[in-house]
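Spelled out from the first residue to the last, the chains are:
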Amino acid sequence: MYRLIFAAMLIPVFIQGGFFIRTTALSGILLSVALAHDVFRRGIRRDGSWRFLHAPAVCLSLMAVCYAISAVCHQSGREAWERCIYILVTLAGVLCVGGVEQTEREKLFRWLVYAGAAEALAGMYCYAGLPFVLRSVIVNARFMGTFQYANATALFLGIALIVQKYLELMGRRCGSRVRFMMMVMLVLTFSAGGLFCYAGAVVFIDRNMRRGSVRGLLDDLLELALAGVMALAVYWVKFRLGGGGPAVAVLFAVIGVVSYRYGRPERGRTVNSTANVALAAALFPIPVLAAGFMLFGKRIGGTGGERLLQMRDGILALLQQPFTGLGTGAWKDYIAGRPDIVYEVSLIHNSYIQIGVEAGVAAVILWAVFLGCLWRRTYRDGMYGVLGRAVLLMAGFHWFFDITWFFWGIIICVVVCSAGEDPR
């Protein structure tokens, strides 16, 4: 069963993040087959193992009904019904992950880390100037990834890195030798939200797993600082100095060696010397300041002011139709009819407000309750409960400032990490 879930997770990750309905529907077919296989093999469960899935299932079902009502009221057309399919596929994912055995779920975690490593390797391949099957993997010096959207790629890499870190802290080594490469590609997305959410999740896990160990946190800080320096070196050689593919390939070879050496089994994961602490303190401001200059001093994703205006206008639009929203796709018509509004994108960079504008306040409340149900379920997830809460915090916060809710590849990763339950 876990193989079908993994395939359903892998397909959207490497095909534009599942942003388009065909990819999500294909994942839904695989999840439906997985559910049918589980029922055929073990029958309908009556042991209460699915009891805590009732509330999330009801929330998602009612959310799909909200979209359907909005579609009928506003005659939204095909796009609204695609949203219903999107939500129902999410429901199938929750039911599948909730029925997976713990050993199979650990394999899903490992494959999630390997998918993150493959994403990073694809980025290195494209930065070196080699041809790739997908276009627009690199746009305006940013690593867009197979999601074709830098912020979604950053969130996915952040989740994969958090899963890898948690597995390592639990004594289950997985992907340690490629962790540093993944971190470098995370920085090359130049996604302030993705980096902030990843750093917050690292602090959360350190507080819960290492009991607030300062040395462990400083070690993670040093690793992130070194990754930032290497990422900026790649950026300057590629886009500032005009270095060709061979020069970038040499840099990535150095990064590969550092990553391999950094992930050695004999290497301790704590800072053991004052010199390392001083090095972390000295290096960390460099990538932060340089990334800030590139993000806000130039036009590389500098949409912070526009996002705040989108949120304001989205809330005002939602207040006009709080029960059914404006309808799916109606936000484009709304801003087109307002000559005083000029936005570069046609979606509000706040997933919760966008959901409300499409289907009403009730849909937003139901999604929030669904996330609350998953959060509660993580306390029954044994050793993986902290991981589930860290990923929920990452994604839940990121959705406040971006449209990554609409990438089903992100949703399934969140579900895999938070919708399970330890039968022990």
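Use the structure listed above.
The text that follows walks through the structure, step by step, so that each part is easy to find. Given the structure is predicted, the values throughout are model-derived calculations rather than measurements.

Mapped onto the elements, Gln-310 comes out in helix α13 (residues 304-320). Filtering out sequence-adjacent residues up to four positions away, Gln-310 remains in contact with Trp-331, Tyr-343, Val-345, Leu-347, Ile-348 and His-349.

Turning next to the packing of aromatic side chains. With the rule as written, the count across this model stands at 22 aromatic pairs. Geometrically, the ring pair formed by Phe-147 and Phe-407 is tilted, given 6.2 Å between the ring centres and 50° between the ring planes. On the criterion of sequence distance, the pair formed by Phe-147 in the loop between β2 (142-143) and α6 (150-169) and Phe-407 in the loop between α17 (385-398) and α18 (408-418) is long-range, its members being 260 residues apart. Residue classification places Phe-147 among the buried positions, given a relative accessible area of 1%. Between Trp-405 and Phe-406 the ring centres are 4.8 Å apart and the planes differ by 85°, which places this aromatic pair in the edge-to-face class. By the burial criterion, Trp-405 is buried, and Phe-406 matches it.

When the terminal C-alpha atoms of α17 are compared, their 20 Å separation across 14 residues agrees well with the 20 Å that a helix rising 1.5 Å per residue should span. Counted residue by residue, α17 has 12 buried out of 14 residues, so it is predominantly covered. Those residues of α17 that fall on the buried side of the exposure criterion are Gly-385, Val-386, Leu-387, Gly-388, Arg-389, Ala-390, Val-391, Leu-392, Met-394, Ala-395, Gly-396 and His-398. Residues of α17 that are buried in the fold lie against α5 (102-127), α6, α8 (192-209), α15 (351-359), α16 (361-378) and α18.

Ranked by size, the top nonpolar core spans 118 residues in total, and within it Ile-159, Ile-162, Trp-367 and Trp-405 carry the most contacts. With 12 residues, the top contributor of residues to this core is α6. The contact partners of Trp-367, leaving out residues within four places of it in the chain, are Leu-60, Met-63, Tyr-352, Trp-399, Trp-405 and Ile-411. Of all hydrophobic cores here, the second largest spans 13 residues; its members include Leu-318, Trp-331, Ile-341 and Ile-353.

Here we come to the packing of α5 against α6. A pair of packed helices can be characterised by two numbers: the angle between their axes and the separation between those axes. Their axes nearest at 9 Å, the elements α5 and α6 cross at an angle of 135°. Accordingly, the angle class assigned to the pair α5 and α6 is oblique. Of the two elements, α5 crosses α6, and the hand of that crossing is left-handed. Contacts between α5 and α6 involve Phe-109, Arg-110, Leu-112, Val-113, Ala-115, Gly-116, Glu-119 and Ala-120 on the former and, on the latter, Thr-153, Phe-156, Leu-157, Ile-159, Ala-160, Val-163, Gln-164 and Leu-167. Residue composition of the contact of α5 with α6, grouped by class: 11 nonpolar, 3 polar and 2 charged.

About the thresholds
- Residues numbered from 1 in each chain as written.
- Predicted model: local features only at pLDDT ≥ 70, side-chain atom pairs only at ≥ 80, totals over all residues.
- Heavy atoms only, no water.
- Helix = DSSP H or I, 4+ residues; strand = E, 2+ residues; numbered from the N terminus.
- Contact = heavy atoms within 4.5 Å.
- Phe/Tyr/Trp six-rings, centres within 6.5 Å; stacked < 30°, edge-to-face > 60°.
- Buried < 20%, exposed > 50% of the residue type's maximum accessible area, 1.4 Å probe, protein only.
- Expected span 1.5 Å × (residues − 1).
- Core = buried A, V, L, I, M, F, W, Y, C linked by side-chain atoms within 4.5 Å.
- Axes fitted to C-alpha atoms, helices over the stretch in contact; angles between N-to-C directions.
- Parallel < 35°, antiparallel > 145°, perpendicular 65-115°, else oblique.
- Left-handed = near helix turned anticlockwise from the far one by under 90°.
- Nonpolar A, V, L, I, M, F, W, Y, C, P; charged D, E, K, R; others polar.

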